[in-house]
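For reference, the chains in residue letters:
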Amino acid sequence: MAMEAWFMEDSDSDPRLPHHRNPKEFVPLDHLAELGVLHWRLNPTDYENDQELRKIRETRGYNYMDLLDICPEKLNNYEDKLKNFYTEHIHADEEIRYCLEGSGYFDVRGKDDRWIRIWFKAGDLIILPAGIYHRFTLDTTNYVKLMRLFMGEPVWTAYNRPQEEHPARKEYVESFTKKESYRQPKRIATPAAAMVATQKDPREEVIQAWYMDDSDEDQRLPHHKESKEFVSLDQLAELGVLSWRLDAYNYETDEELKKIREERGYSYMDFCEVCPEKLPNYEQKLKNFFEEHLHTDEEIRYAVDGSGYFDVRDRNECWIRVWVKKGGMIVLPAGIYHRFTLDTNNYIKAMRLFIGDPVWTPYNRPHDHLPAREEYLKAFVHKETGDHAVNAAA
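Here the structure is a predicted model, which means the values were calculated and not measured. (Residues numbered from 1 in each chain as written. Predicted model: local features only at pLDDT ≥ 70, side-chain atom pairs only at ≥ 80, totals over all residues. Heavy atoms only, no water.)

Student: Give me the state of the cysteines: which residues, what numbers.
Tutor: Applying the stated rule across the entire model yields zero disulfides. Cysteine C99 shares no disulfide, and the gap to the nearest cysteine sulfur, in C71, comes to 13 Å. For C99, a relative accessible area of 0% translates into the label buried. (Disulfide = S-S within 2.5 Å. Buried < 20%, exposed > 50% of the residue type's maximum accessible area, 1.4 Å probe, protein only.)

This is the structure in structure tokens:
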């Protein structure tokens, strides 16, 4: 499940509780990026061999690493240390934490000095910038195993608030808080293909794509090529695959989603949860989804929770894997050969949109004689370059 964040209520009850406001007020991850908080979603089950983690460490200079278990049974002076972690403070350097097991909360101050609670779970790596006021606590599971990363020798010094004259705080305020609005990001989290912290397309937080290897291993694995070969969202648009990043926490009232539906004529909507517990005949249906096929109409899917892979063929018949996560919406054009599977999280809740009454008919390959396939080839494949990226912007 993806990392979540929300504005906190003003309660003094147990800090391990979620402390949502009433009504709940979620914070998109790109808003965190505008505060300097960077985030990656990694594979914690194989962190010792994870090439993406290695790239992050090399690119950002994190040459020291250690592990820390935070729970009553494994941390000496547990109560005192947890109390210290939860005292509002800053550091003179970045704080880099990678959750390998369990979960907990990092609270950071927003631009208006309100607390934002970040729920940090297994697979989440976050970076808190030097100078940001923050604190940490466990959630009600009472356990987290963290990897801590540092540039050079580790420094844990905490400077409790107030620290407005500290150089790190001054630099942070100048860099991140003196902005007119949340819509002017200085830097955001980037995918493994480009680890420098520069402004990127916000869709890349929830939709990533790469060329697949030729392995027959578990289809739910990423299946990167040995030298990872990422595909930009503009390249997908040239194949007719359009994409948006939307607010999955508020899809019922999202004006951007409403606008897309009106402009593209998506008059019908329903939901589908794909997981062993909620989908009848799960194994057979997942097998069917992964058969290469096409449709005579667009396939529109919006991940309101969870994640999964949509694989599409490029102009050279190579498979491109498109990873769609919570908040990502894609449109596969009529006539494109594609397939779907879950990732290792084994769960997605997708909004399905249609023009008129829903039609789910798949035509398994080969179906090159269908008019929809012929039109797709003419529009997107038999061209030297694509010219359909204009509608893909989120």
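Student: How would you summarise unusual backbone geometry if you had to cite specific residues and measurements?
Tutor: N22 connects to P23 through a cis peptide bond whose omega is 5 degrees. Here P23 shows up in the loop between β1 (4-7) and α1 (29-34). Here R365 and P366 are connected by a cis peptide whose omega angle stands at 10 degrees. Of note in the backbone geometry, H19 takes a positive phi value of approximately 55 degrees without being a glycine. (Helix = DSSP H or I, 4+ residues; strand = E, 2+ residues; numbered from the N terminus.)

Student: Before we move on, could you go through the UniProt feature "binding site: Fe(2+)" (unreviewed entry) in the protein chain and cite the residues and values that matter?
Tutor: This chain's UniProt record puts "binding site: Fe(2+)" (unreviewed entry) on H89, H91, E95, H134, H293, H295, E299 and H338. With a sequence span of 250 residues, these residues are also far apart in the fold, their greatest C-alpha distance being 54.9 Å. The topology assignment puts H91 in the loop between β4 (89-90) and β5 (95-109). Ignoring any residue separated from it by four or fewer positions in sequence, one finds H91 in contact with A130, G131, H134, W156, T157, A158, Y159 and A168. In this structure, H338 sits in strand β18 (residues 338-342). Beyond its immediate chain neighbours, meaning those up to four positions away, H338 contacts E291, E292, H293, L294, H295, E299, D311, V312, W319 and L332. Side chain to side chain, H338 and H295 meet in a polar contact 3.4 Å long. (UniProt positions renumbered as here; feature names shortened; annotations may be inferred. Contact = heavy atoms within 4.5 Å. Polar contact = N/O pair within 3.5 Å; in protein donor to acceptor, adjacent residues only side chain to side chain.)

Student: Pulling in residues and values, what's your account of the pattern of salt bridges?
Tutor: If you walk through the whole model with that rule in mind, you get 27 salt bridges. With a closest N to O distance of 3.4 Å, R169 and E164 form a salt bridge. Accessibility expressed as a relative area gives 37% for E164, which makes it partly exposed. Put simply, D311 and R339 hold a salt bridge, and the shortest N to O gap is 2.8 Å. With D311 in strand β15 (residues 299-313) and R339 in strand β18, this residue pair connects regions lying 28 residues apart in the sequence. Residue D311 shares its accessibility class with R339, and that shared class is buried. Residues joined in a network through salt bridges with shared partners are R21, E25, D112 and R114. (Salt bridge = Lys/Arg side-chain N within 4 Å of Asp/Glu carboxyl O.)

Student: Report on the UniProt feature "binding site: Ni(2+)" (unreviewed entry) in the protein chain, specifying residues and quantitative values.
Tutor: The UniProt feature table records "binding site: Ni(2+)" (unreviewed entry) at H89, H91, E95, H134, H293, H295, E299 and H338. Its place among the elements puts H134 in strand β8 (residues 134-138). If we ignore the near neighbours within four places in the chain, the residues touching H134 are T87, E88, H89, I90, H91, E95, D107, V108, W115 and L128. Residue classification places E299 among the buried residues on the basis of a relative accessible area of 9%. Sequence-distant contacts of E299, that is, excluding residues within four places in its chain, are made with H293, F310, I330, V331, L332 and H338. A distance of 2.8 Å separates a polar atom in the side chain of E299 from a polar atom in the side chain of H295.

Student: I'd love a proper account of the packing of aromatic side chains, names of residues and values included.
Tutor: Per the counting criterion, the structure on display carries 19 aromatic pairs. A ring pair is formed by W6 and W119, whose centres lie 6.3 Å apart and whose planes are at 70 degrees; its orientation type is edge-to-face. Taken together, the positions of W6 in strand β1 and W119 in strand β6 (residues 115-121) put the pair 113 residues apart, joining distant regions of the chain. Accessibility expressed as a relative area gives 2% for W6, which makes it buried. Relative to Y309, the ring of W210 has its centre 6.1 Å away and its plane inclined at 75 degrees; by these criteria the two rings are edge-to-face. You can see W210 sitting in strand β11 (residues 207-211) and its partner Y309 sitting in strand β15, a full 99 residues away along the chain. Through a chain of ring-to-ring contacts, the aromatic side chains of W6, F26, Y105, W119 and Y249 assemble into a single cluster. Across the ring face of F7, the terminal group of R114 is positioned such that the distance to the ring centre comes to 3.7 Å. A cation over an aromatic ring shows up here: R321 above the ring of Y309, its NZ or CZ 4.2 Å from the ring centre. (Phe/Tyr/Trp six-rings, centres within 6.5 Å; stacked < 30°, edge-to-face > 60°. Lys NZ or Arg CZ within 6 Å of the ring centre and 35° of its normal.)

Student: Lay out the nonpolar core in plain terms, naming residues and giving numbers.
Tutor: With 30 residues, the main nonpolar core has L236, V274, I320 and V322 as its most contacted residues. The leading source of residues in this core is helix α8 (residues 371-381), at four residues. Those residues in contact with I320 that sit more than four places away from it in its chain are A209, W210, Y211, M212, V231, L236, L239, F310, D311, V312 and D314. Within the second largest apolar cluster, 28 residues are counted, among which are M3, L75, I116 and L146. (Core = buried A, V, L, I, M, F, W, Y, C linked by side-chain atoms within 4.5 Å.)

Student: Provide a residue-level description of the domain arrangement of the protein chain, including the pertinent values.
Tutor: Domain boundaries in the protein chain define domain 1 (4-174) and domain 2 (202-381). The distance between the C-alpha centroids of domain 1 and domain 2 comes to 33 Å. Each side of the interface is counted separately: domain 1 has eight residues, and domain 2 has six residues. Taken together, both faces of the contact between domain 1 and domain 2 bury some 750 Å²; the carbon and sulfur share is 50%. Taken together, domain 1 and domain 2 are joined by zero salt bridges. Where domain 1 touches domain 2, the interface holds zero residue pairs in polar contact (both at pLDDT 80 or more). (Domains from an automatic or database assignment. Buried area = accessible area lost by both parts, 1.4 Å probe.)

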